[in-house]
Structures are given as C-alpha cells and as structure tokens.
Amino acid sequence: MAQLYPSYLNLLQSGELARRAEIAWNMLASCTICPQNCKVNRLAGKKAVCKSADELIVGSWNVHRREEPPISGSRGAGTIFFGHCQARCTYCQNFWLSQNGQGRVITHEKLAQIMLLLQKRQVHNIDLVTPTHYVPHILKALVIAAENGLRLPLVYNCAGYENMETLRLLDGVVDIYLPDAKYANDKEALRTSKMPNYTAANRQTLREMLRQVGPLQVDEDGIGVRGLLIRHLVMPNGIAGTREVLRWIADELGPNTPTSVMDQYFPAWKAHNDPTLNRRLTWKEYAEALADWEASGLTDGYPQEDLMELDVSNDI
Ligand code: SF4
C-alpha cells in the first residue's frame, strides 16, 4: 500500500495514532514521559520537575521565520510554544514560559484548532517547541487535527532528552526531529540545566531519532520534509563541550548528520548571577566552535555567522 505523507496519516487510518495517544496518556499515571522519571500521578494533579499535571498550557503560537532555513523556508514554521519544561536551564531565554509556565490552559480540541489555523496561514510545518512533557496531549490533539484535515509535517523541537518508550510512540508520527545536543558533560548538564545523566540520554535519543527518520531531507525548494537536524548552542567558557559534542555526532551518527551550531547564547534568567554564564560568547569562542565543526568532519550544517552580536569586549 502506498505510504501517505505526513507519516501520521498512515497511523490515523489504521487507528494506531489513537491507540498511541491512549498509551501515552496512561503513562501520566506514574509519569516516565521523560528521563527525569518522576513517577508522579499527573492524572491525579501531582506535579514534579516539569510542574505539569494533566492540564495543557500553551504560551503562544505564531508564524516563525527565524528557525533554520529548511524549517522556516519562505512561508515560516507554524510554531507552538508550550508552557513549562522538563529542564531548568538557568540561562533559559524563554524562562517566563518554560519556568514560570505563563500561558493559557487549553483543551486538546483547542490545540488541534491552533494546528489547523496555522495550516491555513500556509506555514511549512507544525513546529512544537518544548513538547516532551506534553506528548500525550499532543498525540490526542493530533488525532483530532488530522481527522479534520491537518496535512503538515510535525517538527519535534526539543532538548534532546527523551525517554525511549515515549520516543517509540512518536515513530511514524514525527517527520522532522529538531533536538538539541546541549552538553558533553553530565556535571555541567546537571549544574546548569538540572538534567541528570544528560549525555547518555541525549546520545540514545539522537540515535533513536536518526533510526526513525534518517538525516534531514529537503524538497526541491529546500524545505525539510523528513529527518533529523541537530542543534548545538555554543556556551561561554566551554560549558557545552562543543568539540566533543560535534565529534560524537560525526563519528557515531555520521558526518552527513545536519547540525546547526548556534551563537545566540546570552545570559537570561538566573545566568546573570553565575560568573561562568553571565556574558555572551566572544568572537574567539564562536570561531573556535566553527573550527571544531570543520575538524569534526561534519559536512551539513547551519553555522551562524552573525558575529556582530558576539561579545568582543574581553577577547582581543
Ligand atoms: S514529563 Fe518528565 S519531568 Fe514531567 S513529570 Fe514526567 S518524568 Fe517528570
């Protein structure tokens, strides 16, 4: 039988999408949706690391034109920002949303409507930002949206810190994975993001995503249709372990794994109080990161060269 696109249409037709939504929803009774493994009963209103029970909070949704070119394309990505987060990045640029949970409580039906409204605006995809702790809600909404005409691929835009059981529920549902590879060092991941065992979990996550969808493929207009695109945010003082992160991707996932090397770190939220995090990158730091990218053997990527925004004050 011919395969439909986006992939979730195949699972919708067979009833598998609704079945996966139920499995994910039941996981909330002793939540292991992500590697934090809190095991609280979110269905009974209990909250743990992600401060989320069974309610769904959306902070905002809009047409986003500043993701990577294959994601934003010419018409923009249909971005939906969720409230709260599984991590506690002390430098989070969206902390009012990820940490304070600002936004509105909405139903699955409303989330489905938002997806359909974004489709009406002719975006290239539905870009789910910080989706992990809401996977059950997203699957339920997707069933409704797909039944009502959603035909855009999903972009799963996450911290790269996923539970394998949850990720397998997304196999055949998500066409484009856009995960972070944040750290090569568990000590820093725990200190600055409160994510235990990040490195192993992240590597397992990236391997599974690559197994599901392969490296990012684009259409004739350069728009991403399916695959994995990894993001790495370069941080001051070598905190992210850029060289090791990029080498691991090239060696273990393959040099053709698209990787975006991001320069836009700035000290937000609590980072001002941390002497290792309280400044932007220097020119030298980002130039070194680009040299690490070259040396790693990676061939496909999106280095950002907007060096005007970097901190040159303590560099030359
Ligand atoms: S989604 Fe993750 S952080 Fe949130 S309660 Fe479940 S296991 Fe904990």
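Residues numbered from 1 in each chain as written. Predicted model: local features only at pLDDT ≥ 70, side-chain atom pairs only at ≥ 80, totals over all residues. Heavy atoms only, no water.

Participant: Honestly, the site of the ligand in this entry has me stumped. Any pointers?
Facilitator: Near the ligand, the surroundings consist of Cys31, Ile33, Cys34, Gln36, Asn37, Cys38, Arg42, Val49, Cys50 and His133. Most atoms of the ligand, that is more than half of them, are within 2 Å of grid points of the largest cavity. Taken together, the residues of the shell around the ligand sort by class into six nonpolar, three polar and one charged. (Near = heavy atom within 4 Å. 1 Å grid on protein atoms, 1.4 Å probe; cavity = no way out; pocket = protein on both sides within 12 Å on 5 of 7 lines; lining within 4 Å. Sits in = over half its atoms within 2 Å of the grid points. Nonpolar A, V, L, I, M, F, W, Y, C, P; charged D, E, K, R; others polar.)

Participant: Even after reading the chapter, I still don't get the pairing of strand E4 (residues 126-129), so can you show me in this structure?
Facilitator: Side chains on a regular strand alternate between the two faces of the sheet. Of the two faces of E4, both are covered, the one formed by Ile126 and Leu128 as well as the one formed by Asp127 and Val129. Relative to E4, strand E2 (residues 77-82) runs parallel, the two sharing four bridges. Note on E4: the bridge partner recorded for glycine 78 is isoleucine 126. Of the pairings in the sheet, the one linking E4 to strand E5 (residues 154-158) comprises four bridges and is parallel in character. Counted as the bridge partner of isoleucine 126 is leucine 154 from E5. Running through helix H6 (residues 135-147), the crossover from E4 to the neighbouring parallel element E5 is right-handed. (Buried < 20%, exposed > 50% of the residue type's maximum accessible area, 1.4 Å probe, protein only. Helix = DSSP H or I, 4+ residues; strand = E, 2+ residues; numbered from the N terminus. Pairing = 2+ DSSP bridges. Right-handed = clockwise from strand over helix to strand, strands pointing away.)

Participant: Could you clarify how one ought to interpret empty space enclosed by the protein in this entry?
Facilitator: Over the atoms, a rolling probe the size of a water molecule traces out where space has been left empty. If you walk through the whole model with that rule in mind, you get three cavities of 30 Å³ or more. By volume, the largest cavity amounts to about 100 Å³. Lining the largest cavity are 14 residues, with Cys31, Cys34, Cys38, Arg42 and Cys50 positioned closest to its centre. The class makeup of the residues in the lining of the largest cavity is eight nonpolar, five polar and one charged. In terms of lining, the second largest cavity is formed by Leu128, Pro131, Val135, Ile138, Leu139, Leu142, Leu154, Tyr156, Leu170, Val173 and Val174. Contributing elements (two or more residues each) for the lining of the second largest cavity: H6 and E5. (Points joined across faces, edges and corners; volume = space filled by probe spheres on them.)

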